Amino acid sequence: RINQIGYKPGDIKVAVFISTKKDKIKGFNLVNSTSGKVVMTFNDPVEAKPLDQFVSCYRLHFTEFTDTGTFRIVTDEAVSPDFRIADDVYDNTPDFLLNYMRQQRCGFNPYLNDSCHTHDGYEIYGKGDSMYIDVTGGWHDAADYLQYVTTSANAVYQMLFAWSENPGSFSDKYRADGLPGSDSIADVLNESRWGLDWLLKMNPADEVMYNQIADDRDHIGFRLPVGDTADYGKGAERPVYRCTGKPQGLFKYKNRATGIASTAGKFSSAFARAAAVYSDKDPQLSTLFEKKARSAFEYGMKNPGACQTAPCRAPYFYEEDNWTDDMELAAIELYRLTSEEMYLTEAINLGKREPVTPWMGSDTARHYQWYPFINMGHPGIAHFEQKDRNKVFTAFMKKGLDTVRLRAEKNPFYVGVPFIWCSNNLVAGFITQAHLYSEISGDMSYSELEAAHRDWLFGCNPWGTSMIVGLPANGDWPERSHSSYVIKGGQVYGGLVDGPVYSSIFAAHSKYVGLTGVDPYERFQTSMASYHDDTGDYTSNECTMDGTASLVYYLSEMSAPVLKNTVINRGAITRMDTTKKEIWLCFTAHDLKDGFAPVLKTLKTHNIKASFFLTGDFCRQNPTIIKELKSAGHYIGPHSDKHLLYCPWENRDSLLVSREEFFSDLENNLQTLKKAGIYTSKPMYFLPPYEWHNDSIALWSRSAGLKLINISSGTIINQDWTYPRREGKYFPSDVIIKNLIDYERSKGMNGYIMLVHPGTDPRRPDKLYNRLDEIISLLEKKNYRFRSFSEI
């Protein structure tokens, strides 16, 4: 079994061999699928624990092979499907998931090019029972047509988070209404906005929240949403459940609600993230989202407890018991948005109340008992906080990973989620947590565990099937998912199916689950889990809107544009692609400008686009120079507003600025660039003042949506600011250029980020910028190409 979508060259790469015979695998070959030739032989398969009838199981590691192409794995007993190794194997996958989100739209449905549920709905459990309230919109939750804030707000947050982190992973091929066409807005933002508009309707006023539309009276069989005939007693209107913080249920069954905070927190975190996203796109809308986020948070703090969805004639509902995770995420998002310390304090206090999302340490759980399946508040706090607190919350994340790893070690696929309903949603949450943990902490010891769970979703599982409908197109994937669209001859492309369940769960529901045909995976079912690609199996083969949305972030990370072969130092890129003869020529400026004229003349002569990193003070004082740089097509990026020294020269690991000072100063720099018509999109590249930073500055920069870079080491070219004086060294231009030549000759300068100052102290007698033509010519003769960050 392999990951059918393929592997990136730098990925952890492991295939799994399972056999019902007692086979002894001593080695395996990696074969080029085109030529048929063996490209590498491996003699170190790792024997794993048997899995029921599969008495021989091995994990076959081939991580060290990094060439690109199409390959297969061959042992004496088996041959794998073909798979690719390439940097682009995950390209377009986040957008592919959005196909399912658009298909789940309520109101105008672009898949059907028709509208449904346009009369929603009438209020219940409110002061005006049966009062009409307009809540048309949002998404259907799964194969049924119920709608929940619980899952929809989480879906909105996950998609907005994905775009915030990786805007380059998304395209613009659909309009706001979901129909094909470009509208200069990323499709993931259009889809998020569809959900946000519905959330605004479900939270129409302060301390008025609705949590659910319709109930299990919806479950009357397969039919398209535009032909919905479910009867709730008021014609085409459906009931809209108002949040009361008390148990609800109109007929035989009731939930166990204890408060409103779980729903209020989800409203707040989605609105707060939206306020940040729209701050430079639609300031008025951003202000509205911030107001709603604050109000929802306050309401949640007044009403602690879980606001569960409501059952009706059957005992099934989302039995969410936890709520502090929702409020923690809301608090840290509000802190991220406002910099108000009270939100950080609340986030930390709330976060400590649930260190580990409980499903991670459990073998079973009630349906959605602990939701969302990842606590995004923990990485939020860890990203923002200084090292003492960072260690607390990364430790919480690590503990959760450890509990899953203990379970994973018991099976050959190294997968440790409990196989309850929506196990794939747990996998999506787990790989997100593992990825964020490694990114924040720098601890890569969970990489294989993360890869195993990722590969599980794409076919490295007992059944050899992907769990996403239609992905990859030429692979094995769910063709008969539990859906009216499928029954009616369509397909639910992009949907993540619920996933395998304990065989005992499938057996317990056998009265209601009837397979419609022969099970093609019958010989791969085990006591560990069962999965059926059959429309009759809603326990394992029904797609969910929130599970699909929750995978968008992870796939955006996997498909993010790759800066290959870079050198990272203290969280900053300090050398670009070291395999290419390219120089990244940079200039910084704060209070001096004497060299701009000769610099721009030289760059024009050589037809070079360079990168200029400028402080806010420089931009405000030199609009004419800014205009020249823009006109010439050079990259212009931030360099702080007041040219602050972030950390001491003698103790780099400490800080001279607070988080608030850093963000305030940086925001002023960015606003000045915006006013000059420069700062138009994220991520921007940010070169720190004095070319001096530490890990905290790198984390804060990332939190601001910036990619931190810094100068490459090895030469002394950046010492062109020095001048003759009693204390300190002075480096004449002749010495600097000789050092540059010697370094290039001995070490090479592939990917070098080279800094020249276009303004220096009047006391420096020889200005290096006057010899820029000589430096460029020397390097061009060595066949180096000059690059600008605007080219990425």
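Described below are features of the structure shown in this document. (Residues numbered from 1 in each chain as written. Predicted model: local features only at pLDDT ≥ 70, side-chain atom pairs only at ≥ 80, totals over all residues. Heavy atoms only, no water.)

### Thoughts on the overall build of the protein
Alright, step 1. When helices and strands are counted, the protein shows 22 helices and 22 strands.
Alright, step 2. Rg of the C-alpha trace for the protein: 28 Å, near the compact-globule value of 28 Å for 792 residues, within the 12% margin.
Alright, step 3. A buried classification covers 61% of the 792 residues belonging to the protein.
Alright, step 4. Of all intrachain contacts in the protein linking residues separated by at least 6 positions in sequence, the fraction that spans at least 24 positions is 74%.
Alright, step 5. Each charge class in the protein was averaged separately, 87 positive and 98 negative side chains, and the resulting centres sit 4 Å apart. (Helix = DSSP H or I, 4+ residues; strand = E, 2+ residues; numbered from the N terminus. Rg over C-alpha atoms; globule rule 2.2 N^0.38 Å. Buried < 20%, exposed > 50% of the residue type's maximum accessible area, 1.4 Å probe, protein only. Contact = heavy atoms within 4.5 Å. Lys, Arg positive; Asp, Glu negative; His and termini not counted. Charge placed at Lys NZ, Arg CZ, Asp CG, Glu CD.)

### What to know about the sheet that holds strand β5 (residues 56-61)
Alright, step 1. Reading across from one edge, β1-β5-β4 is the order of the 3 strands in this open sheet, with antiparallel pairing throughout. Two strands lie at the open edges of the sheet, namely β1 (14-19) and β4 (46-48), each paired on one side alone. Pairwise comparison of adjacent strand axes, ignoring direction, gives a mean angle of 25° for this sheet.
Alright, step 2. Here β1 pairs with β5 via 6 bridges, running antiparallel. Paired with V16 across the strands is R59, a residue of β5. (Pairing = 2+ DSSP bridges. Axes fitted to C-alpha atoms, helices over the stretch in contact; angles between N-to-C directions.)

### Structural notes on the state of the cysteines
Alright, step 1. Applying the stated rule across the entire model yields 0 disulfides.
Alright, step 2. A disulfide-free cysteine, C116 has its sulfur positioned 4.0 Å from the sulfur of C106, the nearest such atom.
Alright, step 3. According to the relative accessible area criterion, C116 is buried, its value standing at 3%. (Disulfide = S-S within 2.5 Å.)

### Brief notes about the pattern of salt bridges
Alright, step 1. Taken as a whole and judged by the stated rule, the model has 46 salt bridges.
Alright, step 2. E333 is the partner of R273 in a salt bridge, and the nearest nitrogen-oxygen pair spans 2.9 Å. Remark: E333 occurs in helix α6 (residues 324-338) and R273 occurs in helix α4 (residues 261-277); sequence separation between them is 60 residues. Each of the two residues, R273 as well as E333, counts as buried.
Alright, step 3. With a shortest N-O distance of 3.7 Å, E744 and K782 are connected by a salt bridge. (Salt bridge = Lys/Arg side-chain N within 4 Å of Asp/Glu carboxyl O.)

### Re the sheet that holds strand β13 (residues 239-242)
Alright, step 1. In spatial order, the strands read β10-β13-β12-β11; together these 4 strands make up an open sheet with mixed pairing. Pairing within the sheet leaves two strands with one partner each, and these edge strands are β10 (122-124) and β11 (147-148).
Alright, step 2. Of the strand pairs in this sheet, β11 and strand β12 (residues 210-213) are connected by 2 bridges, and their pairing is antiparallel. Note on β12: the bridge partner recorded for Q147 is I213.
Alright, step 3. Contacts from helix α3 (residues 187-202) reach β11, β12 and β13 within the one sheet, and its direction differs from that of β12 by about 115°.

### A few points about the environment of N710
Alright, step 1. Within the fold, N710 resides in the loop between β20 (706-708) and α21 (733-747).
Alright, step 2. When its relative accessible area of 3% is taken as the criterion, N710 is described as buried.
Alright, step 3. For the pair N710 and M754, spaced 44 residues apart in sequence, the C-alpha to C-alpha distance is 9.2 Å.
Alright, step 4. A distance of 3.3 Å separates a polar side-chain atom of N710 from the backbone oxygen of E691. (Polar contact = N/O pair within 3.5 Å; in protein donor to acceptor, adjacent residues only side chain to side chain.)

### As for the side chain of R575
Alright, step 1. With respect to the helices, strands and loops of the structure, R575 is situated in strand β15 (residues 572-575).
Alright, step 2. Here R575 sits buried without a salt bridge, and the closest side chain of opposite charge, E744, lies 8.5 Å off (N-O distance).

### Quick word on the packing of helix α2 (residues 149-165) against α4
Alright, step 1. Where α2 contacts α4, the axes come no closer than 9 Å and their chain directions differ by 25°. Classified by the angle their axes make, α2 and α4 are roughly parallel. Of the two elements, α2 crosses α4, and the hand of that crossing is left-handed. Along its contact with α2, which presents V149, T150, A153, V156, Y157, L160, F161, W163 and S164, the element α4 presents T263, K266, F267, S269, A270, R273, A274 and V277.
Alright, step 2. Of the residues in the contact of α2 with α4, the class split is 11 nonpolar, 4 polar and 2 charged. (Parallel < 35°, antiparallel > 145°, perpendicular 65-115°, else oblique. Left-handed = near helix turned anticlockwise from the far one by under 90°. Nonpolar A, V, L, I, M, F, W, Y, C, P; charged D, E, K, R; others polar.)

### Considerations on helix α7 (residues 341-351)
Alright, step 1. Every buried residue of α7 is accounted for by Y343, L344, A347, I348, L350 and G351. In a view along the axis of α7, the buried residues occupy a sector of 165°, so they form one face of it. (Arc of directions from axis to C-beta.)

### Section: the side chain of D95
Alright, step 1. In this structure, D95 sits in helix α1 (residues 93-103).
Alright, step 2. One buried charged residue, D95, remains without a salt bridge, the closest side chain of opposite sign being K173 at 6.2 Å.
Alright, step 3. Excluding residues within four positions of it along the chain, D95 makes contact with R102, S169, F170, S171 and D187.

### Brief notes about the packing of helix α5 (residues 283-302) against α6
Alright, step 1. With their axes 10 Å apart at the nearest point, α5 and α6 run at an angle of 145° to one another. When the axes of α5 and α6 are compared, the crossing they make is left-handed. Between α5 and α6, the residues in contact are E290, A293, R294, F297, G300 and M301 and M327, A330, A331, L334, L337 and T338, respectively.
Alright, step 2. Split by residue class, the contact of α5 with α6 holds 8 nonpolar, 2 polar and 2 charged.

### Side note on the environment of L224
Alright, step 1. If you trace the backbone, L224 turns up in the loop between β12 and β13.
Alright, step 2. Under the relative-accessibility criterion, L224 is labelled partly exposed at 25%.
Alright, step 3. Each C-alpha atom of the pair L224 and C116 lies 9.2 Å from the other, and the pair is 108 residues apart in sequence.
Alright, step 4. Not counting chain neighbours up to four residues away, the residues in contact with L224 comprise L112, Y145, S484, Y485 and K488.

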